[in-house]
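Each chain, letter by letter, is given below.
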Amino acid sequence: MSPLLRLKLAKQRGEAVLSEEKITELAVDPFEIAARHNIVVQAKPDTESGVSGMLLRHGNSFGILYASDIPNEGFQRFSVAHELGHYFLDGHIDHVLLNDDVHSSRAGFSSGDPYEQEADNFAVGLLMPAKLFTRLMGRSRLGLADIESARDICKTSLTATAIRYAELTDDAIAVILSTGRTIDYCILSETMKSLPDLTWLKRGSPVPTTSVTAQFNADSSRVLRAEREENEIDVLDWLGGKRSSIVTEEVVGLGRYGKTLTVLSSRKIGQDVYDDEEDDEQDLVEQWTPRFKK
Ligand SMILES: [Zn+2]
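Residues numbered from 1 in each chain as written. Predicted model: local features only at pLDDT ≥ 70, side-chain atom pairs only at ≥ 80, totals over all residues. Heavy atoms only, no water.

### With respect to unusual backbone geometry
- Here the amide bond leading from Leu26 into Ala27 is cis, since omega sits at 0 degrees, within 30 degrees of zero.
- Relative to the helices and strands, Ala27 is located in the loop between α1 (3–20) and α2 (30–36).
- At Ala226, a position not held by glycine, the phi torsion is positive, near 55 degrees.
- Its place among the elements puts Ala226 in the loop between α11 (220–224) and β7 (228–234).
- The partly exposed category is assigned to Ala226, whose relative accessible area is 38%. (Helix = DSSP H or I, 4+ residues; strand = E, 2+ residues; numbered from the N terminus. Buried < 20%, exposed > 50% of the residue type's maximum accessible area, 1.4 Å probe, protein only.)

As structure tokens, then:
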């Protein structure tokens, strides 16, 4: 099975647990799901740096500890949901608790380990199931405001919500996480991906110098104070390609986390396929060819 398919299935397993538990409303409470399965959950304020939580086994009893030194409710709930992933996903208990009765996790899409990635994807499916999540979209202004309103309802972290939003929206959205001058990751919605010949912004790529984000990140105290900034920018400046289009660039500092979240959004991209006279046939062929990038 391909790694991408495994991640997709892990996400679906998270959604399936909701049907099994007959949970049909947001926010999903991972603490309550743990309690229903007699898993004891406790806060652990003194976890080693980078460790988000732990799964413990004693005989047939299970426990979850989650890092509580970062006072971010969304991240704590995600960490507990990640540990539930190890509990519910096939083969995880045997693998992560193979030699030991304690597994230490690094949740939040920072680990390259496939089991950690699967548990993260389980958490996404559990806390932000596609069906319920898509109903939340479009309640506020497109971009950061709509992502924040979904975050408030799901009680998830801003970054996890932004990634899920980009994955499920029909609008043109890019979600970029950066530290200083460097991009940590960039996730594009399907509609944003439809722009021809985009540059794929890989981990470690530089933040474009003309962007709002570059200016914002030049003063790290603004990141720390969780300030915001917004302006319009040509999508070419961020993502390359060959079709000029003005998008909104919204930037918010993530405080002590030391990172910046950038959201590019546009209602126009994806709507103007036919009024671009320069469109050559090749572009149309590309637009109508199904893409299997996920
Ligand atoms: Zn883990």
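### Regarding a nonpolar patch on the surface
- A cluster of nonpolar residues, Met1, Leu5 and Leu9, forms a patch on the protein surface that exposes about 300 Å² of accessible area.
- As for its position among the elements, Met1 is in the segment before α1.
- Overall, the relative accessible area of 67% leaves Met1 in the exposed class. (Patch = residues over 30% accessible without salt bridge, like charges linked within 9 Å, V, L, I, M, F, W, Y side chains within 5 Å. Areas by Shrake-Rupley, 256 points an atom, 1.4 Å probe, with all protein chains shown as cover. Salt bridge = Lys/Arg side-chain N within 4 Å of Asp/Glu carboxyl O.)

### Details of the domain arrangement of the chain
- The domain boundaries assigned to the chain delineate domain 1 (3–127) and domain 2 (170–271).
- For domain 1 and domain 2, the distance between their C-alpha centroids amounts to 30 Å. (Domains from an automatic or database assignment.)

### Concerning the environment of Trp200
- Along the chain, the position of Trp200 falls in the loop between α9 (190–193) and α10 (212–217).
- Placed 14 residues apart in sequence, Trp200 and Cys186 show a C-alpha to C-alpha distance of 8.3 Å.

### Section: the environment of Gln76
- Along the polypeptide, Gln76 turns up in helix α3 (residues 73–88).
- On the basis of relative accessible area, Gln76 is assigned to the buried category, the value being 14%.
- Distance from Gln76 to Pro30, taken between C-alpha atoms, is 9.9 Å for residues 46 residues apart in sequence.
- If we skip the residues at most four places from it in the chain, Gln76 touches Tyr66, Ala67, Ser68, Ile70 and Pro71. (Contact = heavy atoms within 4.5 Å.)

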